[in-house]
Amino acid sequence: MKGITLVGPMGAGKTTIGRLLSKELDFLFIDSDREIESRTGAAISWIFDVEGEVGFRDREQAIIEDICQTNTNGFVLATGGGAILREQTRRILSEKTTVIYLHASVEQQIARTAKDRHRPLLQVDNPEKVLRELIAIREPFYREVAHIEVVTDERPPRFLIQYILELLSL
Ligand SMILES: Nc1ncnc2c1ncn2[C@@H]1O[C@H](COP(=O)(O)OP(=O)(O)O)[C@@H](O)[C@H]1O
Ligand SMILES: O=C(O)C1=C[C@@H](OP(=O)(O)O)[C@@H](O)[C@H](O)C1
Ligand SMILES: [Mg+2]
């Protein structure tokens, strides 16, 4: 069974849905942000501060490649919202895994990320503006890399898991 990757913007629910989906399937769960933090021994915000976004993307690309090459059994990979920016990452994800694009409106992204201070790109005066700019750039990449698109809307995680399992015929 191929690994399953979740892509989509910040607050789409990749980490939440990914963890629940992996439990349902009895698959290994990997969150690329947590993997970067544990391998680096530093928080994402620290990496952004010290190495800049380019340094973070280099680490993200290398770790995602490694995860896709080394895990032969089923796994669920929750990526960070910008992982799809690198062409090489998109290629490896869509070749080696089944990629699901979790779609969320900017309004929902704001509601789901407002209280969290751990996303460096959103620690600005106007996070809504940033989210709108990012989705305009990234949406074509989410669509390009994904095999399946799931609109999260107001649907609770439990519902989305069942829906994804049906789509995957699992
Ligand atoms: N379908 C959903 N319905 C309601 N809340 C959700 C849903 N998906 C995620 N959340 C909540 O939104 C927040 C951000 O989710 P998270 O999984 O961290 O998103 P991502 O990893 O895509 O940035 C969390 O507090 C999570 O509980
Ligand atoms: O969209 C982005 O560029 C980012 C999304 C974050 O992950 P989530 O999408 O899980 O919040 C994390 O990788 C980092 O803060 C950068
Ligand atoms: Mg996440």
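Residues numbered from 1 in each chain as written. Chains lettered and ligands numbered in written order. Predicted model: local features only at pLDDT ≥ 70, side-chain atom pairs only at ≥ 80, totals over all residues.

Explanation requested: the UniProt feature "binding site: substrate" (unreviewed entry) in the chain in the structure shown.
Here, the residues flagged by UniProt with the feature "binding site: substrate" (unreviewed entry) are D33, R57, G81 and R138. When the 22 C-beta atoms within 10 Å are taken as the criterion, D33 is described as buried. Relative to the helices and strands, R138 is located in helix α6 (residues 127–145). Apart from residues lying up to four places away in sequence, R138 is in contact with P9 and I84. (UniProt positions renumbered as here; feature names shortened; annotations may be inferred. Buried ≥ 20, exposed ≤ 12 C-beta atoms within 10 Å, placed from the backbone. Helix = DSSP H or I, 4+ residues; strand = E, 2+ residues; numbered from the N terminus. Contact = placed C-beta atoms within 7 Å.)

Mind showing me how you'd approach the UniProt feature "binding site: Mg(2+)" (unreviewed entry) in the chain here?
Per the UniProt record, "binding site: Mg(2+)" (unreviewed entry) is annotated on T15. Excluding residues that lie within four positions of it along the chain, T15 makes contacts with D31 and A78.

Sorry if this is basic, but what is going on with the sheet that holds strand β2 (residues 28–31) here?
Taken in spatial order, the 5 strands of this open sheet run β2-β3-β1-β4-β5, and their pairing is parallel. Strand pairing shows two members of the sheet lacking a second neighbour, β2 and β5 (148–151), which therefore form its edges. When strand polarity is set aside, the average angle formed by the axes of neighbouring strands in this sheet is 20°. Summarising the sheet, strand β4 (residues 97–103) and β5 pair through 4 bridges and their orientation is parallel. Looking at β5, one finds that H103 is bridged to V151. (Pairing = 2+ DSSP bridges. Axes fitted to C-alpha atoms, helices over the stretch in contact; angles between N-to-C directions.)

Would you mind going over the packing of helix α3 (residues 44–70) against helix α4 (residues 87–96) with me for this structure?
The geometry of a pair of packed helices is captured by two quantities: the angle between their axes and the separation between those axes. At a closest axis distance of 10 Å, the pairing of α3 and α4 adopts a crossing angle of 20°. By the angle between their axes, α3 is roughly parallel relative to α4. When the axes of α3 and α4 are compared, the crossing they make is left-handed. Note on element contacts: α4 touches α3 through Q88, T89, I92, L93 and K96, opposite Q61, I64, E65 and C68. Looking at the contact of α3 with α4, its residues break down into 4 nonpolar, 3 polar and 2 charged. (Parallel < 35°, antiparallel > 145°, perpendicular 65-115°, else oblique. Left-handed = near helix turned anticlockwise from the far one by under 90°. Nonpolar A, V, L, I, M, F, W, Y, C, P; charged D, E, K, R; others polar.)

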